[in-house]
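Residues per chain are reported as follows:
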Amino acid sequence: MNSSKRFQLQCAVALAAATLCGGVLAQSKELTFAHQDMLVPLRLVMESGEVEKATGYKINWRMFAGGGDVIRAMASGDVQMGETGSSPLTAAASQGQDIQLFWISADIADAEALVARNGSNINSVKDLAGKKVATPFVSTAHYQLMSVMKMDGVDAKTVNVMNMRPPEIAAAWERGDIDATFIWDPVLSKIKTNGKAVATSGSIGKRGAPTFEGIVVNSKWAAANESFMVAFVKALNRANEEYKASAKGWTADSAQVKAMAKWTKADPKDVLPVMSLYSFPTMAEQVSPTWLGGGAAKAMAGTAAFLKEQGRVQEVKPDYSAFVTTTYVNKAMGK
């Protein structure tokens, strides 16, 4: 090979290497976020583009039908970050998936409830014995239903707990086929017109079985993109604060409500009533013992025991704290 061709080959190799390196660098400034349809302040961040502007990252927002789908997408490597409920998160952690919970997007609070049909003679959890109670199995609602029955000394074998999806519950309620249900909106709002709440996710959570919606990230990706993580947490907190400070003045025509509806496919008139059922922790609350500082890991341990009973996981970890981190919230607060 003459020197001219050798030089051309070296240039070609150098150019290819530069292109590859450029591609790697470009990829490191991009992520895919798997979101769902929960009505949480994160939607305001998605609409504003503020994180992209602050960090220079490209965020691909992809909507998924449920937390299980989000977790599977993250396991495949296609998604670096996403939002999921405590049950799918716990299942993933129990299977050893390399993820960390870094933000509680919502304390489910009163957004899920055990509702008894009018005329069913159910006035307390203890009255569920001998009754037909529907809930989607292996959901946060199912977990809390079984938990509160155990707390109140109700033998689960005496209750006809039925596995139904939300639309099936709505239809069964309409026909009068079930006596009670543990469910969330939009079905929850509909059945309350002919029923009363016996317990809520919030009241059960305070008794030791909390549930939550959280944002999780691939642990290695987060560590390699710390500045992005901190900027994202700051934006999440800003959106929470905006909701708390101004939501009372929002209407169906407000830009914020329209943004929430756009990203969730919700009816604008339902946005504020549903959001009011949730609680959105502040940064200080995020890292407190209630949530990332210990409570979330404890809740995951309780959920894992439930999932094992249901045959959904084979193993319960002795400690779930490795799957929860306060690092990014602490850094966002300057600690």
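Residues numbered from 1 in each chain as written. Predicted model: local features only at pLDDT ≥ 70, side-chain atom pairs only at ≥ 80, totals over all residues. Heavy atoms only, no water.

> Summarise the sheet that holds strand β1 (residues 30–35); cite the residues concerned and give the values.
Taken together, the 5 strands give an open sheet; going across it, the order is β2-β1-β3-β10-β4, and neighbouring strands pair in mixed fashion. Both outer strands of the open sheet, β2 (58–63) and β4 (99–107), are each paired with one neighbouring strand and no more. Between one strand axis and the next, the sheet turns through 25° on average, direction left out of account. Two elements, β1 and strand β3 (residues 81–85), share 2 bridges in a ladder whose sense is parallel. Following the sheet pairing, F33 is matched in β3 by M81. (Pairing = 2+ DSSP bridges. Helix = DSSP H or I, 4+ residues; strand = E, 2+ residues; numbered from the N terminus. Axes fitted to C-alpha atoms, helices over the stretch in contact; angles between N-to-C directions.)

> Pulling in residues and values, what's your account of the pattern of salt bridges?
Within this structure, the stated rule accounts for 12 salt bridges. Here D98 and K220 are joined by a salt bridge, their closest N and O atoms 3.2 Å apart. Here D98, found in the loop between α5 (86–94) and β4, pairs with K220, found in helix α10 (residues 219–224); they are 122 residues apart in sequence, far enough to count as distant. Of the residues examined, D98 reaches a relative accessible area of 31% and is grouped as partly exposed. Put simply, R207 and D152 hold a salt bridge, and the shortest N to O gap is 2.6 Å. Of this pair, R207 sits in the loop between α9 (201–206) and β10 (212–218) while D152 is found in the loop between α6 (140–151) and β7 (160–163), placing the two residues 55 residues apart along the sequence. Taken together, the shared-partner salt bridges in this structure form one network comprising E50, R238 and E242. (Salt bridge = Lys/Arg side-chain N within 4 Å of Asp/Glu carboxyl O. Buried < 20%, exposed > 50% of the residue type's maximum accessible area, 1.4 Å probe, protein only.)

> How would you summarise the sheet that holds strand β6 (residues 132–135) if you had to cite specific residues and measurements?
Strand order in the open sheet formed by 5 strands is β7-β6-β8-β5-β9, with mixed pairing between adjacent strands. At either margin of the open sheet sits one strand with a lone partner, and together these are β7 and β9 (195–200). In this sheet, neighbouring strand axes are inclined to one another by 30° on average, regardless of whether the strands run parallel or antiparallel. Pairing geometry for β6 and strand β8 (residues 180–184), over 2 bridges, is parallel. Each bridged residue has a counterpart across the sheet, and for A134 the counterpart in β8 is T181. Contacts between α6 and the sheet are confined to β5 (112–117), β6, β7 and β8, with β8 contributing the most and set at about 135° to the helix. Here helix α7 (residues 166–175) sits on the sheet in contact with β5, β6, β8 and β9, set at roughly 145° to β8. (Contact = heavy atoms within 4.5 Å.)

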